[in-house]
Amino acid sequence: MSDNPSVPPSNLPPITPAPKPKAKAEEMDRAHVPMSEEFDRAKWTLPPIGIVLIGIAIIGVLVLVFGYTNRAKPVMSGSIGDVVAVELQDKTVLVAIELNVANSSDKSWYIQKIEATAKTDKGDNTDTAATAADSERYFQAFPALRTTESPVLKFDQKINAGQHVLGTIVVSYPMTKAEFDARKSLTVTIQPFDNKPVTLTK
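These notes cover the structure that comes with them. All values derive from a computational prediction rather than experimental measurement.

Conventions and cut-offs
Residues numbered from 1 in each chain as written. Predicted model: local features only at pLDDT ≥ 70, side-chain atom pairs only at ≥ 80, totals over all residues. Heavy atoms only, no water. Helix = DSSP H or I, 4+ residues; strand = E, 2+ residues; numbered from the N terminus. Buried < 20%, exposed > 50% of the residue type's maximum accessible area, 1.4 Å probe, protein only. Contact = heavy atoms within 4.5 Å. Areas by Shrake-Rupley, 256 points an atom, 1.4 Å probe, with all protein chains shown as cover. Polar contact = N/O pair within 3.5 Å; in protein donor to acceptor, adjacent residues only side chain to side chain. Pairing = 2+ DSSP bridges. Axes fitted to C-alpha atoms, helices over the stretch in contact; angles between N-to-C directions. Phe/Tyr/Trp six-rings, centres within 6.5 Å; stacked < 30°, edge-to-face > 60°. Lys NZ or Arg CZ within 6 Å of the ring centre and 35° of its normal.

### Observations regarding the overall build of the chain
Here is step 1 of the chain: When you go through the chain residue by residue, the secondary structure sums to four helices and eight strands.
Here is step 2 of the chain: The helix and strand sequence of the chain, counted from the amino end, reads α-α-β-β-β-β-α-β-β-α-β-β.
Here is step 3 of the chain: Out of the 202 residues in the chain, the part that is buried amounts to 25%.
Here is step 4 of the chain: Within the chain, contacts between residues separated by at least 24 positions form 68% of all contacts whose residues are at least 6 apart in sequence.
Here is step 5 of the chain: When the accessible surface of the chain is split by element, carbon and sulfur atoms take 58% of a total near 14,500 Å².

Shown next, in the form of structure tokens:
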């Protein structure tokens with residue numbers, strides 16, 4: 001045994017320090033879930049770009065097919081027949097235009113408006129067809145306008161499915177008869193209610 005009391009005996013085991021207590025694990029806050037892993041990068045939230053492009057292409061094709069199958073379709077066909085012009089004293093012309101109109105749809109429709117455009121070297125002139133009452137007065141005042149027995153086409157006139165109608169409209173233009181006779185073309189546009197208009201040219 002050593003005489004020095006401060007020196008431990010050599011036959012005793014070395015003294016090891018007591019282990020430090022482990023830090024208490026942080027308790028998870030169930031009210032706060034970290035979302036950075038989900039939203040910090042697009043690759044975690046979006047599918048591959050190829051799938052996205054294929055999806056966009058499919059949607060585009062479906063939109064085109066839907067638009068094509070549901071587009072407004074012409075509901076009539078027809079042609080322009082006799083055209084007669086009478087010059088007035090103020091260097092304007094009254095023009096009677098005979099039209100042959102056919103309802104090519106499976107439903108009845110009504111005439112909303114009829115316009116006629118005369119294309120000349122000096123430009124285009126467009127006029128809306130006169131009402132049936134005004135047209136009859138023009139025929140009485142200028143008998144040369146009435147060259148056919150076809151009735152006047154009326155606004156709101158009903159055309160049944162598959163029906164053919166022969167009718168006349170009257171328009172006027174600020175030009176002489178010589179200028180009208182030298183026209184490049186005459187175009188008539190018939191607008192039905194709630195349907196696509198149809199254009200006839202002569």
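Having seen the structure, we can now continue with the description.
### Quick look at the side chain of Thr92
Here is step 1 of the chain: Here Thr92 is to be found in the loop between strand 1 (76-87) and strand 2 (93-103).
Here is step 2 of the chain: On the accessibility criterion, Thr92 (17% relative accessible area) is buried.
Here is step 3 of the chain: A polar contact of 2.6 Å, which involves the side chain of Thr92, links it to the side chain of Asp90.
Here is step 4 of the chain: Once you skip the residues sitting within four places of it in the chain, Thr92 turns out to touch Val86, Glu87, Tyr173, Pro174 and Met175.

### Quick notes on the pairing of strand 4 (residues 123-128)
Here is step 1 of the chain: Sheet analysis places strand 3 (residues 109-120) next to strand 4, joined by six bridges and oriented antiparallel. For Thr117, the partnering residue across the bridge sits in strand 4 and is Thr126.
Here is step 2 of the chain: Hairpin geometry of strand 3 and strand 4 is characterised by an intervening segment of two residues between the two adjacent antiparallel strands.

### Concerning the sheet that holds strand 1
Here is step 1 of the chain: The strand order 1-2-6 describes an open sheet built from three strands, whose pairing is antiparallel. Edge positions in the sheet fall to strand 1 and strand 6 (164-173), since each has one partner strand and no second. Each neighbouring strand pair of the sheet contributes to a mean axis angle of 20°, computed without reference to strand direction.
Here is step 2 of the chain: The sheet contact formed by strand 1 and strand 2 spans 10 bridges and is antiparallel.

### Re the packing of aromatic side chains
Given two aromatic rings, one states the distance between the centres and the angle between the planes to describe the pair.
Here is step 1 of the chain: In the structure shown here, the tally under the stated rule is one aromatic pair.
Here is step 2 of the chain: Here Tyr173 and Phe180 contribute two aromatic rings whose centre-to-centre distance is 6.0 Å and whose plane-to-plane angle is 20°, an arrangement assigned as stacked.
Here is step 3 of the chain: We classify Tyr173 as buried; its relative accessible area is 1%.
Here is step 4 of the chain: Over the face of the ring belonging to Phe139 we find Arg146, whose NZ or CZ atom lies 4.0 Å from the ring centre.

### Considerations on the pairing of strand 7 (residues 185-192)
Here is step 1 of the chain: With six of eight residues buried, strand 7 lies mostly within the body of the structure.
Here is step 2 of the chain: The pairing of strand 3 with strand 7 spans eight bridges and is antiparallel. Among the inter-strand pairings, Glu115 is bridged to a residue of strand 7, identified as Thr189.
Here is step 3 of the chain: Judged from the four bridges that link them, strand 7 and strand 8 (residues 198-201) form a sheet pairing that is antiparallel. When the sheet's bridge partners are listed, Thr189 is paired in strand 8 with Thr199.

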